[in-house]
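Letter by letter, the chains look like this.
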Amino acid sequence: MLYHLAYRLQSAPATQAGRAVPVIIEMPEKVRSFHDVYRRIVGGMPVDVVASALSSLPAGAAGDMKQAGQVLMHGTGDDKKVAWEWLTGGRPYIADLKRVTGIGRRIEDDGAATDALGGILAALGKQRVRLVLLMDEFQRVGVLKKESRDTLLSSLRSVFSRTPNYFSVVLASALRMERNALDLLSPELRTLLGRRPTLSLPEMSEAEALEFVGGRFHFFRPAGFNGDPFAPFTRECVSGVIDLLKEKGRPLIPREILQALTYC
């Protein structure tokens with residue numbers, strides 16, 4: 001049976017007071033480095049929350065991070081684009097970057113990305129903002145060359161080491177055996193996981209699959225929508241797709257259901 005396995009790592013109890021900000025990313029299919037993952041993580045963060053946290057850092061101690069935050073808070077539209085491109089690990093022109101922020105180097109390797117993410121998380125923590133990161137398709141790290149996989153996981157471990165509070169990560173994967181998913185984690189990350197139980201989600205029942213489709217469509221409806229909850233399909237059509245999947249022996253999991261619906 002196919003399971004979706006989630007491993008939760010967190011740097012402090014989830015009950016610690018403060019605000020939680022969720023960020024959901026998908027592990028790139030051809031991830032080359034931690035920098036690739038960093039770009040997705042920071043790119044998924046709410047700009048206003050990050051800008052407020054960075055601009056509130058003490059003067060002098062935060063360096064580039066505070067400068068970028070101040071531009072994001074008070075700069076012009078174009079200046080904010082340059083600052084955000086820098087912060088998300090892009091490649092702004094150095095001349096523009098210096099002119100706008102006073103920063104003279106990009107975030108373009110694993111070391112710089114690790115430092116930058118640690119700095120952002122520290123700034124959020126000072127504002128009592130917990131980042132809850134869901135990394136979907138985590139099993140993709142299993143196809144990386146050992147050197148690349150070790151570097152990526154080591155960078156993630158380093159971020160945890162520098163972030164004692166307000167940081168939680170859920171690693172979600174789709175694997176047939178729980179042991180295989182655990183083997184993707186480095187010994188250091190398995191130590192962080194400790195004895196926390198994993199969450200295994202088996203495939204849905206027909207009723208749950210129908211409810212899932214209706215809920216998925218509802219999420220994308222405009223405010224005040226009161227039409228057919230299964231539009232542009234019908235309830236009968238969606239039920240037929242679910243029945244066909246069962247007949248063909250396909251698991252009732254989100255990906256299979258949504259892909260099948262494209263043929264309606």
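Cut-offs and rules
Residues numbered from 1 in each chain as written. Predicted model: local features only at pLDDT ≥ 70, side-chain atom pairs only at ≥ 80, totals over all residues. Heavy atoms only, no water. Helix = DSSP H or I, 4+ residues; strand = E, 2+ residues; numbered from the N terminus. Buried < 20%, exposed > 50% of the residue type's maximum accessible area, 1.4 Å probe, protein only. Contact = heavy atoms within 4.5 Å. Areas by Shrake-Rupley, 256 points an atom, 1.4 Å probe, with all protein chains shown as cover. Salt bridge = Lys/Arg side-chain N within 4 Å of Asp/Glu carboxyl O. pLDDT = per-residue confidence, 0-100. Core = buried A, V, L, I, M, F, W, Y, C linked by side-chain atoms within 4.5 Å. Axes fitted to C-alpha atoms, helices over the stretch in contact; angles between N-to-C directions. Left-handed = near helix turned anticlockwise from the far one by under 90°. Nonpolar A, V, L, I, M, F, W, Y, C, P; charged D, E, K, R; others polar.

## Focus on the overall build of the protein chain
- A tally of helices and strands in the protein chain yields 12 helices and five strands.
- Relative to its full complement of 264 residues, the protein chain shows a buried share of 44%.
- A sequence separation of at least 24 residues applies to 70% of the contacts in the protein chain between residues at least 6 apart.
- Of the roughly 14400 Å² that the protein chain leaves accessible, carbon and sulfur atoms contribute 53%.

## Thoughts on the side chain of glutamate 256
- By the element assignment, glutamate 256 lies in helix α12 (residues 254–261).
- What makes glutamate 256 buried here is its relative accessible area of 16%.
- Setting aside residues no more than four positions away along its own chain, glutamate 256 makes contact with Leu245, Arg250 and Pro251.

## Thoughts on the pattern of salt bridges
- Scanning the model with the defined rule gives 10 salt bridges in all.
- With its nearest N and O atoms 1.9 Å apart, the salt bridge here joins arginine 255 to glutamate 137. In this pair, arginine 255 is assigned in helix α12 and glutamate 137 in the loop between β3 (129–136) and α7 (146–162), connecting sequence segments 118 residues apart.
- For glutamate 137, a relative accessible area of 7% corresponds to the buried category.

## Re the confidence of the model for the protein chain
- On average, residues of the protein chain score 85 in pLDDT, and 85% of them are at 70 or above.
- Mean pLDDT across the secondary structure elements of the protein chain bottoms out at strand β1 (residues 3–10), with 47, and peaks at helix α4 (residues 77–87), with 96.
- Note on residues 1–7: pLDDT is under 50 here. Beyond four places in sequence and across chains, it has 46 contacts.

## Some words on the nonpolar core
- Within the largest apolar cluster, 55 residues are counted, with the highest numbers of intra-cluster contacts made by Tyr38, Met45, Leu87, Leu117 and Ile120.
- Per element, the largest residue contribution to this core is seven residues, and it comes from helix α6 (residues 110–126).
- Apart from the residues within four sequence positions on either side, isoleucine 120 is in contact with Tyr38, Val42, Met45, Val50, Leu54, Met65 and Leu87.
- Leu210, Val213, Val241 and Ala260 belong to the second-largest nonpolar core, a separate cluster that totals 16 residues.

## A short note on the packing of helix α3 (residues 64–74) against α4
- Here α3 crosses α4 at 145 degrees, and the two axes come no closer than 8 Å. You can see that α3 and α4 cross each other, and the crossing is left-handed. On the side of α3, the interface is formed by Asp64, Met65, Ala68, Val71, Leu72 and Met73, while α4 contributes Asp79, Lys80, Ala83, Trp84, Trp86 and Leu87.
- Across the contact of α3 with α4, the residue classes tally to nine nonpolar, no polar and three charged.

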